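Residue-level structure breakdown
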Amino acid sequence: MSLLEIQDMTMQFGGLVAVDNLSLSIEKGKILGLIGPNGAGKSTAFNCVAGVYTPTKGKILFDGEDVTSHKPWDLCKKGMGRTFQIVKPFAALTAMENVMVGAFATTDNRDKAAAKAADVMDMLGLGDKKDLKPGAMTIADRKCLEIAKALATNPKLLLLDEVMAGLRPTEVDEIIEIIRTLKAKGMTIFVIEHIMRAIMALSDEIVVIQFGKKICQGEPEAVACDEKVIKAYLGDDYAPA
Amino acid sequence: MTQNELKRNCLIGLALAAFALPLVVSSPTYLHILIMLFLFAYMTTSWNLVGGFAGVLPLGHSVFVGIGAYTSTVLWLQYGVSPWIGMIIGGLLSAAVGYLIGKPTLKMRGAYFALSTMAFVEGVRVMVENIDMLGPFKLNGPRGLNIPPLPAQEAGFWSFQFATKEPYYYIALTMLILVLALTYYISHSKFGYYLKSGGEEPEAAQALGVNVASCKVAANVLSAFLTSLAGTFLAQLTLFIYPKSVLTLDLSFELAFIALIGGRGSIAGPVIGALLLRPVSEFSRIYFSDTLPGLHLIILGVVLIVVMLYQPRGLTEPLLGLFDRITAGFIRKPQEDTV
């Protein structure tokens, strides 16, 4: 059964159609990659799913329930966790307290939230950085902190918006490892990424969008050889004759 | 003794010292200055729930002071209701107003919220100045309301009037300690975490399950209730209220100044801010009120500019850091002895 299903979703800002009739679905326990050139509408699609925008048209089903115009905080309680393309740590709180905000989605008790946060941070290798302020952390750790915050809410579906952008190759490998671990634990993950190496290695299936429209969908190898995809990324000259 | 234990002991010591202070200080003038200091620390701490934790800048909190002062005074003068009961009724009324204005305005960002709260308090002030009778309630327009002092033998707890300053001192001190305890409790609770996260990064907080808007409204309601209690206290202390004394922007600004200089969003900030700034206000009023009225606001403005330039998070952090450095020496010694 699919955990997330997007049906004919369109998102329009005035005259601009950012997402055009997009349909896709993610099976439980799988990783779906969403790729596309800059400005293709990936983050907008994400924001519609996460409740930041209400789509102009179309339906979003989460775990069998229509959640089309639900608010982000309700979706979070239903089991959708997300990260942001630009990290948004709570600067005045320590790393641990940042994660606790997420953990409070599952409990009202401060000690339980702290325990949950500590667990998640240990799992992600942030165990020794609990008392640091986000400003004192490296960008890789801050990206990891974003994942930790989302994970602390106990999500069924994790939406990762370019968590690897701006990282060094070794750091990318670490995040890939983390995502694999999560998958092994049964997490369903919807990921936007520009780093091809990462998305090819991780995804069970990839959806490519351009100008808001889906142009290709399939297994990573098939998508990489697709003519339309190559054109979209590299231009007409590179398309196989 | 760890750093935390030391801090706790210091706080207990400070509280005890504050309770014992009237035994030493008997001058009504100085007691009055101390009472006002506690009262402003109390109001700023209440303000801090919204202005500090929730990350917005309310500049209209005097409207709640005014509601508190007017409600209890009208009820006392016309119906003989004890100001203590009037205090609670005023608080509930303020909470309702806090909800009604918070609901639409707290969605606005930055300066727009601050401006809307300023506009609201100015609007209320102009209205009260022009209304003599609000239904059955006598507000007496710009002339304000005078609470006739009771003879010394009739004054007492029930009428919230005391012949000496000491009872006021203890009431203000108790109110301050209670509101600080409440703030401490909130800042360590789920609600506190939600307020702080929503204040800093609303989008990120929403994605983590925080309904930022309703958290802010809830904080505003609580803050309005608490601020309003100070209004009743102020009315009973001065026994004379008029629109320009309790419903003014000056008062709202002063609360914001104290919080910004002391440290927004920290528990000690409002107290440290009030300790530093109230004496400035009081003494400039005592010595310069006829020649340079409003001098205290100029001084506060200059202090604020300097603090914002060099310590934008307020003075609490550096002061606590200094405390840690000084006390670190004391703490290390006993440990070395035991090793």
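A few points on the structure. (Residues numbered from 1 in each chain as written. Chains lettered and ligands numbered in written order. Predicted model: local features only at pLDDT ≥ 70, side-chain atom pairs only at ≥ 80, totals over all residues. Heavy atoms only, no water.)

Examining the overall build of chain B
What chain B contains, in helices and strands, is 14 helices and 4 strands. For 339 residues, the compact-globule formula gives about 20 Å, and the C-alpha radius of gyration of chain B, at 21 Å, lands near that figure. When the backbone C-alpha atoms are referred to their principal axes, chain B occupies close to 75 × 55 × 40 Å. Each of the 339 residues in chain B was classed as buried or not, and the buried ones make up 49%. Summing over all exposed atoms, chain B offers an accessible surface of approximately 15,600 Å²; the carbon and sulfur share of this is 70%. Charged side chains in chain B number 20 positive and 17 negative. The centres of these two groups are separated by 5 Å. (Helix = DSSP H or I, 4+ residues; strand = E, 2+ residues; numbered from the N terminus. Rg over C-alpha atoms; globule rule 2.2 N^0.38 Å. Buried < 20%, exposed > 50% of the residue type's maximum accessible area, 1.4 Å probe, protein only. Areas by Shrake-Rupley, 256 points an atom, 1.4 Å probe, with all protein chains shown as cover. Lys, Arg positive; Asp, Glu negative; His and termini not counted. Charge placed at Lys NZ, Arg CZ, Asp CG, Glu CD.)

Points about the overall build of chain A
Across its full length, chain A carries 9 helices and 10 strands. Relative to the 2.2 N^0.38 estimate, which gives 18 Å for 241 residues, the radius of gyration of chain A is 18 Å and therefore close to what a compact globule would have. With respect to the principal axes defined by its C-alpha atoms, chain A has extents near 60 × 40 × 35 Å. A separation of at least 24 residues holds for 64% of the contacts in chain A among residues at least 6 apart in sequence. Total accessible area computed for chain A in this model is approximately 10,300 Å², and 51% of it derives from carbon and sulfur atoms. Between the centroid of the 29 positive side chains of chain A and the centroid of its 32 negative side chains there is a distance of 4 Å. (Contact = heavy atoms within 4.5 Å.)

So, the sheet that holds strand β4 (residues 57-62) of chain A
Residues and elements named next belong to chain A. Pairing is antiparallel across the open sheet formed by 4 strands, whose spatial order is β2-β1-β4-β5. With one partner strand each, in any of the chains shown, β2 (16-27) and β5 (65-66) form the two edges of the open sheet. Across the sheet, helix α1 (residues 42-49) is in contact with β1 (2-13), β2 and β4; its angle to β1 comes to roughly 115°. (Pairing = 2+ DSSP bridges. Axes fitted to C-alpha atoms, helices over the stretch in contact; angles between N-to-C directions.)

Some thoughts on the sheet that holds strand β6 (residues 80-82) of chain A
All names here are of chain A. The 6 strands are arranged β6-β7-β8-β3-β9-β10 in an open sheet whose pairing can be described as mixed. In this open sheet, the two edge strands, each paired with only one partner strand, are β6 and β10 (213-218). When strand polarity is set aside, the average angle formed by the axes of neighbouring strands in this sheet is 20°. Summarising the sheet, strand β3 (residues 31-35) and strand β8 (residues 188-192) pair through 4 bridges and their orientation is parallel. The partner of L32 across the bridge, within β8, is F190.

Comments concerning the interface of chain A and chain B
Opposite the 25 residues of chain A that make contact, chain B presents 19 residues. Between chain A and chain B, a total of about 2,000 Å² is buried, with carbon and sulfur atoms accounting for 65% of that surface. Broken down residue by residue, the surface that chain A buries against chain B is led by W73, F90 and F104 of chain A, which jointly contribute 30%. For the pair chain A and chain B, the number of links is 2 salt bridges. A salt bridge links D108 of chain A to K190 of chain B; its shortest N-O distance comes to 2.6 Å. (Buried area = accessible area lost by both parts, 1.4 Å probe. Salt bridge = Lys/Arg side-chain N within 4 Å of Asp/Glu carboxyl O.)

Let's talk about helix α3 (residues 95-103) of chain A
The element α3 of chain A is extensively covered by neighbouring structure, given that 8 of its 9 residues are classed as buried. Along α3 of chain A, the residues classified as buried are A95, M96, N98, V99, M100, V101, G102 and A103 of chain A. Its buried side turned inward, α3 of chain A meets α4 (110-123) and α5 (139-152) of chain A together with α7 (190-200) of chain B.

Regarding empty space enclosed by the protein
Applying the stated rule across the entire model yields 4 cavities of 30 Å³ or more. Reported here for the largest cavity is a volume of approximately 70 Å³. Considering the residues around the largest cavity, the lining is formed by P58, G60, H61, V63, F64, I101, G102, T105, F113, T117, F120 and N220 of chain B. Split by residue class, the lining of the largest cavity holds 6 nonpolar, 6 polar and no charged. Residue lining of the second largest cavity: A50, P72, L75, C76, M80, G81, R82 and L159 of chain A together with A207 of chain B, and that is the complete set. Mapped by element, the contributors of at least two residues to the lining of the second largest cavity are α2 (72-78) and β6 of chain A. In terms of residue class, the lining of the second largest cavity is built from 7 nonpolar, 1 polar and 1 charged. (1 Å grid on protein atoms, 1.4 Å probe; cavity = no way out; pocket = protein on both sides within 12 Å on 5 of 7 lines; lining within 4 Å. Points joined across faces, edges and corners; volume = space filled by probe spheres on them. Nonpolar A, V, L, I, M, F, W, Y, C, P; charged D, E, K, R; others polar.)

Considerations on the layout of surface pockets
Residue and element names in this part refer to chain B. Of the pockets and cavities examined, the second largest pocket occupies roughly 650 Å³. Every residue lining the second largest pocket is counted, 29 residues in all, and those nearest its centre are M36, Y242, K244, S245 and R285. Within the residue set of the lining of the second largest pocket, elements represented by two or more residues are α2 (28-53), α9 (212-238), β4 (240-241), α10 (243-246), α11 (249-262), α12 (269-288) and α13 (295-310). When residues in the lining of the second largest pocket are grouped by element, the largest group, 6 residues, is from α12. Each residue belonging to the lining of the second largest pocket can be placed in one class, and the counts come to 15 nonpolar, 8 polar and 6 charged.

Description of the pattern of salt bridges
Residue and element names in this part refer to chain A. Applying the stated criterion across every chain, the model contains 22 salt bridges over all chains. Put simply, E65 and K78 hold a salt bridge, and the shortest N to O gap is 3.4 Å. Residue E65 is located in strand β5, and its partner K78 is located in helix α2; the two are separated by 13 residues in the primary sequence. By relative accessible area, which is 36% here, E65 ends up partly exposed. The class for K78 is partly exposed, based on a relative accessible area of 27%.

A look at the packing of helix α4 (residues 83-105) of chain B against α9 of chain B
All names here are of chain B. In the contact formed by α4 and α9, the axes pass within 7 Å of each other and the chain directions differ by 145°. Seen from above, α4 lies across α9 with right-handed handedness. Side by side, α4 and α9 meet where P83, M87, I88, G90, G91, L92, S94, A95, G98, Y99, G102 and K103 of the first sit next to V217, N220, V221, A224, F225, S228, L229, T232, F233 and Q236 of the second. Of the residues assigned to the contact of α4 with α9, the class counts are 12 nonpolar, 9 polar and 1 charged. (Left-handed = near helix turned anticlockwise from the far one by under 90°.)

Points about the packing of aromatic side chains
Residue and element names in this part refer to chain A. Taken as a whole, this structure holds 16 aromatic pairs over all chains when the rule is applied. Where F46 meets F190, the ring centres are 4.9 Å apart and the plane angle is 55°; that geometry is what we call tilted. Residue F46 is located in helix α1, and its partner F190 is located in strand β8; the two are separated by 144 residues in the primary sequence. An identical accessibility class is assigned to F46 and F190; each is buried. (Phe/Tyr/Trp six-rings, centres within 6.5 Å; stacked < 30°, edge-to-face > 60°.)

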